[in-house]
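Each chain is listed here by its residues.
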Amino acid sequence: MGISYAQEVQDIKGTVTDSKGQPAIGVTVVVKGSSKTALTDENGAFTIKAAPSATLSFSAINYEPREMKVVAGSPLSVVLTDKIAQMNEVVMVGYGRSSRKNLSSAVTSVKPEDLNRGAITDVGQLLQGKVPGLNISASGDPNRPAAVVLRGASTLNSSQSPFYVIDGVPGADISVIAPDDIASIDVLKDAAATAIYGNRAANGVIMVTTKRGRKGQAVVTYSSYVGLEKVSNELDMMNAAELRAFIAANGQSLSPNDDKGANTDWQQVVQRSSATSHNHNLSLNGGGEHSTYSASLNYVDRQGVLLKSSLRRVIARLAIEQFALNDKVRFSLNVSNSNSNASGTPQRNSVLQQMVSYLPVSPVRNPNGSFFENWTNTGYFNPAALIEYGQDDTKFNNLIGSFNTQVKLPFGLTYDLNLSYQQGTSLHGEYYGSYYSNYNSANFYYKPDPPLVHSLLNFGTNGSALRNTYQNTNKILETFLTWDRKFGGHTINAVLGYSYQDNITGEGFQTSATNFPVDNVGYNNLSLSNPYALPTYRINFGSPGVYQETRLISDFARLNYNYRDKYLLQLSGRRDGSSVFGANKQWGYFPAVGAAWRINQEGFMQDQRLFSDLKLRASYGVTGNATGFNAYTAQIISGTLGSFYYNGNVVNAYGPTQADNPNLQWEKTATTNLGLDFTFLNGKISGSLDLYDKNTTGMIYSYRVDPILVPNGNIVANGGSMRNRGIELMLSATPVRTKNFNWTSSLNLASNNNEITSLTNPLFSGGDSVRLTQPEGAGQTGSTLQILKSGRPLGQFFTLNYAGKNDQGISQYYDRDGKLTTAPAIGRDYFYMGSPQPKLLLGFTNTLRYQNFDLNIFFRGVFGNKIFNATRADLFRPSTAQFTNILKDVAGESNKDVNAYRYSSRFIEDGSYVRLDNATLGYNFNKFSQYIRTLRVYASVNNAFVITKYTGIDPEINQGGIAPGVDAGNFYPKTRTILFGVNVSF
């Protein structure tokens, strides 16, 4: 028997190439029916032991799988078909998958190698500039996710962020995914693609698929980087000598309480000279004949450039697939847990404000080592002391577990049962030492991000602490039946399903305390406090209505019809019922239809050699929005309504503070999309062009009404509308491809026009404009920057119109009648002065490969938007330079100009920019060791430079929410990062 076996098993050799004759590297070769595997080397060659009668399977991510029988005594020559060239790559869609060539909807896919590189802890930043129509803005704060808006804002009531689906789990927290674990990201844009998610899909859907194990030998992969971050730009403030000279030239003088002969750069004081980041990801993937597994562990530690800010996160993930009953049944288990420790800069926005306004002539500390302060100045605080004596820490834990059973039934039927559980917990603590008690008499304000208005803070006595812990849980059951059948030239794919979701949010509590014996207790031992000794202190138990329980029950269906890969039709719909809405309107219906014509499949196209793919798409559908409001939005709520005098006593009034609305229902967004997909010149150039028109109706908002009709004078109701129209272009090209050199390039462009088309309710007509965004800079009380107005874009700037200076050197403005005035009226003398909405978004990537070297260069641009630089206005104060620092640009101003700083068109700037977002140079080692399969080292720089006319720290100002494009002293500095990394597999 031993001799016979030796004669049958032999070394089978061969080479694998792609359709263009280039070596296919890293292709997995498996002896069918066994666990024997091999990988092709840099020449596409492989050697594997097999019997002469064996069949070999060849598979790789970018190629169509293929099988070939062994030919005894002859080396094999295998040619694999490029998936991308054939438009056959798999695209994830709701409750299924599809090949790109058969899509009738607008979907953009991003592969791991195309995601952004760098010290990135947020998935949103991975997609910046990679998807046409996806507007992403981020600061340098490691603990703040990027604002993500797809095809323009569709509502006033939420963050406008897309809906995330991770490995089929809807609404999953994106923080549970490490960038190294992502296999693909598919961005679903039009309603034909998203309507199957119904009321959660108005802002688009982002499908994230994580890596899975493959049959064959186990593969261990380790990737790591170390990064160094430095602030890329600072505000150009006066130093001590410049400020003294300016004040002397204007006949003023500094107070001896401030001028201690110092020359302090306060921006440098509160920032790290350099912040370090490092990331480590270890994964194990493999599988046998009837099972696969994938496990990974990720650790990231990122310092922020502001003192005390940092993020440490550990993510563990396990994915197992087990096949049974002749592979007709598949069980899948996915578990992912993310544990984060986020430390924030205490009173961050106040620190950002004080670091530029604090006088440079003052020292950080007094000669005795204590912090320098001038308590006589209102709203004036040493930013180094704010950081030193404060703590702001949060621990997050996010768990997602999902179990899927898939059964292949007769007649082309497949049954899926998905069970998932999500739990997110937070443990937050803040402590402000006894030093902070000094600020109580100096008007210390909490400064939130726009459009929220600041509020006065009191830090108690002998230290104050706040502690809270909350837990959110989601339980989801989804079950659906899929039918795949082919009849001659007709192919049908149908999905019919049911979904049940139970959500509990805000399960937990909050408390605060003050009057601690010592400061080093912090927020960890509140029992040592004695708040009851202070009669005026009130314990903060948190906001009312934090705890909520909601349910969502849905039915959904989709039908795809394909005739000879030429004519494609898709019908889909979802029926959603939610406890969030009014008793009379708890069900919503979201239909969609899409059609496509693959023109290149027609007979009259067969003789042409220009296009290898040409497809025309059209779709229309309706999606909904169920975010931005809560379980109590449609309910009547009662509370205190002030007080009144009765019978010699002051009595607290109690009554309705919110009206109920039994007819409150979902906002609905109808989208029409027309698209063209094309590939020509033998696959050298491919791309897509999309035009869309997106209309939101029944927009939920708090409308003003007659208090006689509705208590409290307002009601949350449907009525407003918003429209987005745009065009998107994506191009990919391979200008040069030779044996040793390869150049690929991709360009995406997107333009969107946003407009609020209505801001009234049919039953409660009235004011259709709302002024908002009030930064409350010194001397700016009541001044607003933006307006919600019918016929205007979201974020429309509405402010004073600057008209230069009069003959006394005082800044003047146009009044409502067009006359000049130095005393304009807030609100009355306001004009429409530009939009923060960009007119064009650009992403441009070039990858050059020469032998084992590769160079990737990525540019990103935003054009045509305006920024209201309220930060500059607040620092443009020549008349008060002896109290707070000013910009160097103010040197030419007169201190007699008491109007110079007023919020006006003078401080509205062009926000356009082009940024070299990333440049990465890598080298791939071949045959490094018999134990090492692949080894790659690389160096990368992020935010190398930015070209812009904007005078602020950085033009990438927040584009999300209802107050986009406002720089109000709250911008966390962006950084320039240099990374060194390694990827190795064993």
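Rules used in this analysis
Here the residue index of a chain counts from 1 through its sequence in written order. For a predicted model such as this one, the threshold for reporting local features is a pLDDT of at least 70, and the threshold for listing and counting side-chain atom pairs is 80 or more; totals across whole chains, interfaces and linings nevertheless cover every residue. Excluding hydrogens and water, the side-chain figures rest on all heavy atoms present in the structure. Starting at the N terminus, helices and strands are each numbered in turn, a helix being any DSSP run of H or I of at least four residues and a strand any DSSP run of E of at least two. Each residue is placed in one exposure class: buried if its accessible area under a 1.4 Å probe, protein chains only, is under 20% of its type's maximum, exposed if it is over 50%, and partly exposed if it falls in between. Whether two residues are in contact is decided by their heavy atoms, any of which lying within 4.5 Å being enough. Using the Shrake-Rupley algorithm and a 1.4 Å probe, accessible areas are obtained, with residue cover drawn only from the displayed protein chains. Centre distance within 6.5 Å is the pairing criterion for rings of Phe, Tyr and Trp, where only the six-membered ring of Trp is used; planes under 30 degrees apart are then read as stacked, over 60 as edge-to-face, and the remainder as tilted. Two limits define a charge over a ring: the Lys NZ or Arg CZ must be within 6 Å of the ring centre, and within 35 degrees of the ring normal. The rule for a salt bridge is simple: a side-chain nitrogen of Lys or Arg has to be within 4 Å of a carboxyl oxygen of Asp or Glu. The criterion for strand pairing is that DSSP finds at least two bridges linking the strands in question. Each patch is built from residues that are more than 30% exposed by relative accessible area and take part in no salt bridge. Like charges join if they lie within 9 Å; nonpolar side chains (Val, Leu, Ile, Met, Phe, Trp, Tyr) join within 5 Å. Arc definition: it is the arc formed by the directions from the helix axis to the C-beta atoms. Pairing of N or O atoms within 3.5 Å defines a polar contact, subject to two protein rules: one partner must be a possible hydrogen donor and the other a possible acceptor, and residues neighboring in sequence count only if both atoms are side-chain atoms. Put simply, a nonpolar core is a bunch of buried Ala, Val, Leu, Ile, Met, Phe, Trp, Tyr and Cys residues held in one set by side-chain atoms that sit within 4.5 Å of each other. In this analysis, the protein atoms alone were mapped onto a 1 Å grid. Cavities are point sets where a 1.4 Å probe fits without being able to get out; pockets are open sets with protein on both sides within 12 Å along at least five of seven lines; lining residues have an atom within 4 Å of a point. Grid points are joined across faces, edges and corners, and a volume is the space filled by probe spheres set on the points. Under the grouping applied here, Gly and all other residues not named as nonpolar or charged are polar, the nonpolar ones being Ala, Val, Leu, Ile, Met, Phe, Trp, Tyr, Cys and Pro and the charged ones Asp, Glu, Lys and Arg. Charge convention: Lys and Arg are scored as positive, Asp and Glu as negative, and His as well as the terminal groups of each chain are ignored. pLDDT runs from 0 to 100 and stands for how confident the predictor is about each residue.

A word on the overall build of the protein chain. Helix and strand content of the protein chain: eight helices and 52 strands. Counting the 986 residues in the protein chain, one finds 53% classified as buried. For the protein chain, the share of sequence-separated contacts (at least 6 apart) that also reach a separation of at least 24 residues comes to 70%. Working note: accessible area of the protein chain is about 42000 Å², and carbon and sulfur atoms make up 56% of it.

Moving on to the packing of aromatic side chains. Under the criterion given, the structure shown has 41 aromatic pairs. On the basis of an interplanar angle of 75° and a centroid distance of 4.8 Å, the ring pair of Y923 and F925 is categorised as edge-to-face. Grouping aromatic residues by their ring pairs yields a cluster made of F371, W375, F381, Y389, Y432, Y435, Y436, Y439, F444 and F459. For R365, the ring lying beneath its charged end belongs to F371, and the centroid distance is 3.9 Å. Its guanidinium or amino end placed over the ring of F831, R816 lies 4.4 Å from that ring's centre, counting from NZ or CZ.

It is worth spelling out the pattern of salt bridges at this point. Should their charged atoms come close, side chains of opposite charge can pair. Summed over all chains, the structure comprises 37 salt bridges. Linking D613 and R598 is a salt bridge whose minimum nitrogen-to-oxygen distance equals 2.8 Å. Here R598 lies in strand 30 (residues 587-598) and D613 lies in strand 31 (residues 611-625), a separation of 15 residues in the sequence. For the pair D613 and R598, one class covers both residues: buried.

Burial runs high along strand 34 (residues 667-680): 10 of the 14 residues are buried. Connecting the antiparallel pair strand 34 and strand 35 (residues 685-704) is a turn made up of four residues, with L681 showing a positive phi of about 55°.

With that settled, consider a nonpolar patch on the surface. There is a patch of nonpolar side chains on the surface, built from L284, Y293, L318, I320, F331, L333, V335, F403, L419, L477 and Y498 and spanning about 800 Å² of accessible area. For the nonpolar patch, the elements supplying multiple residues, two or more each, are strand 20 (310-324) and strand 21 (329-343). The element contributing the most residues to the nonpolar patch is strand 21, with three residues. Judged by its relative accessible area of 31%, Y293 falls in the partly exposed class.

Looking now at helix 4 (residues 240-249). Turning to helix 4, its buried residues are A240, L243, F246 and I247. Looking straight down helix 4, one finds its buried side chains confined to an arc of 130°; they lie on one side. For helix 4, exposure combined with an orientation more than 90 degrees from the buried face picks out A241, A248 and A249. Two to three positions downstream of the cap, the backbone nitrogen of A241 sits 3.2 Å from a side-chain oxygen, assigning the N-cap of helix 4 to N239. One or two steps after helix 4, the chain reaches G251, where phi turns positive at roughly 70°.

It is worth spelling out the environment of K111 at this point. In this structure, K111 sits in the loop between strand 10 (107-110) and helix 2 (123-126). Along the sequence, K111 and E242 sit 131 residues apart, while their C-alpha atoms lie 52 Å from each other. Residues in contact with K111, not counting those within four places in the same chain, are V90 and S184.

On to the nonpolar core, then. Within the largest apolar cluster, 59 residues are counted, with the highest numbers of intra-cluster contacts made by L243, L386, Y439, F868 and I886. Those residues within four positions of F868 in sequence are excluded, and the remaining contacts are L785, F797, T799, Y903, S904, F907, I908, G965, V966 and D967.

So, about the sheet that holds strand 47 (residues 866-869). By way of backbone hydrogen bonds, the strands of a sheet pair with one another, either parallel or antiparallel. An order of 48-47-51 is seen for the three strands of this open sheet, with the pairing classed as mixed. Edge positions in the open sheet fall to strand 48 (908-910) and strand 51 (966-967), since each of these has one partner strand only. Where strand 47 and strand 51 come together, two bridges link them in parallel fashion. Bridge pairing links F868 to V966 in strand 51.

Taken in spatial order, the five strands make up an open sheet running 10-15-16-13-14, and their pairing is mixed. Of all the strands in the sheet, just strand 10 and strand 14 (169-170) have a single pairing partner and so form its edges.

Take empty space enclosed by the protein next. Evaluated as defined, the whole model comprises seven cavities of 30 Å³ or more. Of the volumes computed, that of the largest cavity is approximately 290 Å³. In terms of lining, the largest cavity is formed by 22 residues, of which the most central are I120, Q125, N942, K974 and T975. Mapped by element, the contributors of at least two residues to the lining of the largest cavity are strand 49 (913-925), strand 50 (934-948) and strand 52 (975-985). It is strand 49 that contributes the most residues to the lining of the largest cavity, three residues altogether. If you add up the space inside the second largest cavity, you get close to 180 Å³. What lines the second largest cavity is a set of 20 residues, among which N135, G152, N752, Q837 and P838 lie closest to the centre. Mapped onto the lining of the second largest cavity, the elements with two or more residues apiece are strand 37 (741-758) and strand 45 (840-850). Residue composition of the lining of the second largest cavity, grouped by class: nine nonpolar, nine polar and two charged.

To continue, consider helix 6 (residues 348-357). Buried residues dominate helix 6, accounting for nine of its 10 residues. Looking only at helix 6, the buried set comprises R348, N349, S350, V351, L352, Q354, M355, V356 and S357.

Next up on the list: the environment of V71. In this fold, V71 is placed in the loop between strand 6 (63-69) and strand 7 (76-79). C-alpha separation for the pair V71 and A54, spaced 17 residues apart in sequence, amounts to 8.8 Å.

All right, on to the environment of N366 then. Within the element layout of this structure, N366 appears in the loop between helix 6 and helix 7 (383-388). The residues contacting N366, other than those within four sequence positions of it, are F371 and F372.

The next point concerns unusual backbone geometry. With glycine set apart, most residues show a phi of negative sign, and most peptide bonds adopt trans. Going from P450 to P451, the amide bond is cis rather than trans, its omega being 10°. Mapped onto the elements of the fold, P451 is located in the loop between strand 24 (445-446) and strand 25 (455-456). Phi at D167 is positive, roughly 50°, even though this residue is not glycine. The residue D167 is located in the loop between strand 13 (163-166) and strand 14 in this model. If you check the backbone angles, Q347 has positive phi at about 50° while not being a glycine. Within the secondary structure, Q347 sits in the loop between strand 21 and helix 6. Taking the relative accessible area as the measure of exposure, Q347 reaches 11% and is therefore buried.

Here we take up the pairing of strand 12 (residues 147-150). Burial along strand 12 is two-sided: the residues A147 and V149 and V148 and L150 are all buried. In terms of strand pairing, strand 11 (residues 134-137) meets strand 12 through four bridges, oriented antiparallel. Each residue of the ladder has a partner; that of L134, found in strand 12, is L150.

Another aspect to go through is the side chain of E667. Positionally, E667 belongs in strand 34. Nearest to the buried, unbridged E667 among oppositely charged side chains is K694, at 10 Å. Of the polar contacts made by the side chain of E667, one reaches the side chain of T155; its length is 2.9 Å. Of note is the side chain of E667, whose polar atom sits 2.8 Å from the backbone nitrogen of I700. Excluding residues within four positions of it along the chain, E667 makes contact with S154, T155, N157, T623, G624, N625, T696, T697, G698, M699, I700 and N718.

Structurally, Q882 can be placed in the loop between helix 8 (870-874) and strand 48. Residues in contact with Q882, not counting those within four places in the same chain, are I247, Q252, S253, L254, D258 and L359.

Across the protein chain, pLDDT averages 90, with 98% of residues at or above 70. Residue range residues 1-7 is modelled with pLDDT below 50. Its contacts to residues more than four positions away, or to other chains, number zero contacts.

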